[in-house]
Amino acid sequence: MSFAGFELTVALPKGRMMASAYRAFAAAGVELPTARGERDLWHGDGRLAVLELRGADVPTYVDLGIADVGVVGRDVLLEAGRNLYEPVDLGFGACRLSLIRRPDDDAPIRRIASKYPRFTQAWLRRRGKVADVVKLHGNVELAALVGLADAVVDVVQTGSTLRAAGLVEVEVLARSSARLVVNPSALKLKRELIHPLIEKLRRVKIND
């Protein structure tokens, strides 16, 4: 399937952020096409196309030019390490990437578990620290509770999940929210469409 015939192809993450992204584009005067069925992988209206992706895949699709623009959390961008233009902080989906440990645990950190190993290793290097980083795909907090890791790096929104698990947020490593990302080549080739979209989205305020 080629999306070359569409004026603009947009990559969106499935779930709550997608709904907010639709609202943001609508507020900017762009009505994105909606899915025809629950199992649609993509949908278009002849002019615009939307790809429904896992959040972690959005930077890849935009970087490699399958999609012209996308919406994704900054936490995902920090982990992906892709060469993307990031012109708009859309504001919704706010959270933080934090170092998390058991209460009163002040022993040296020798192993960290995280869904963000690339980001975690970069943070360790900046601090001049050395530790093993173990990649996990879910229930990261459990690694700290059962002793798999001395600490974990994970996304925190309200902190209620941590408190329920008996863990504490030791340090905020980065702040995150939804960002508009743009393929650098598309920004040049479709500047008459993408530049006005960027300016309109900068004026949009969407609450979760």
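For the structure itself, consult the block above.
Residues numbered from 1 in each chain as written. Predicted model: local features only at pLDDT ≥ 70, side-chain atom pairs only at ≥ 80, totals over all residues. Heavy atoms only, no water.

Participant: Explain the overall build of the protein chain to me, please; I cannot follow it from the model alone.
Facilitator: In terms of helices and strands, the protein chain carries eight helices and eleven strands. By its C-alpha atoms, the protein chain is 60 × 35 × 30 Å across when sized along the principal axes. Within the span of the protein chain, comprising 208 residues, buried residues form 47% of the whole. Contacts spanning at least 24 positions in sequence make up 68% of the contacts within the protein chain whose residues lie at least 6 apart. Entry remark: accessible area of the protein chain is about 11,100 Å², with carbon and sulfur atoms responsible for 48%. Positive and negative side-chain charges of the protein chain, numbering 31 and 25 respectively, have mean locations separated by a distance of 3 Å. (Helix = DSSP H or I, 4+ residues; strand = E, 2+ residues; numbered from the N terminus. Buried < 20%, exposed > 50% of the residue type's maximum accessible area, 1.4 Å probe, protein only. Contact = heavy atoms within 4.5 Å. Areas by Shrake-Rupley, 256 points an atom, 1.4 Å probe, with all protein chains shown as cover. Lys, Arg positive; Asp, Glu negative; His and termini not counted. Charge placed at Lys NZ, Arg CZ, Asp CG, Glu CD.)

Participant: Before we go on, may I ask you to explain the sheet that holds strand S7 (residues 111-114) in this structure?
Facilitator: By definition, the strands of a sheet pair up through backbone hydrogen bonds, in either a parallel or an antiparallel sense. With mixed pairing, five strands are arranged side by side in an open sheet as S8-S7-S9-S6-S10. The two strands at the open ends of the sheet, each matched to only one other strand, are strand S8 (132-135) and strand S10 (168-176). The average angle at which neighbouring strand axes cross in this sheet is 25°, direction not considered. The pairing of strand S6 (residues 95-101) with S10 spans seven bridges and is classified as antiparallel. Bridging from a neighbouring strand, serine 98 pairs with valine 172 of S10. (Pairing = 2+ DSSP bridges. Axes fitted to C-alpha atoms, helices over the stretch in contact; angles between N-to-C directions.)

Participant: Is there a simple way to explain helix H1 (residues 16-27) in this structure?
Facilitator: Side chains three or four residues apart in an α-helix point the same way, a direct result of the helix having 3.6 residues per turn. The end-to-end C-alpha distance of H1, which contains twelve residues, comes to 17 Å, matching closely the 16 Å that a straight helix rising 1.5 Å per residue would cover. Residues Met17, Met18, Ser20, Ala21, Tyr22, Ala24 and Phe25 constitute the buried set of H1. In the core, the buried residues of H1 are packed alongside strand S1 (8-13), strand S2 (42-44), strand S3 (48-53), strand S4 (69-73), strand S11 (178-182) and helix H8 (191-202). Phi turns positive, to about 90°, at glycine 29, one or two residues after H1. (Expected span 1.5 Å × (residues − 1).)

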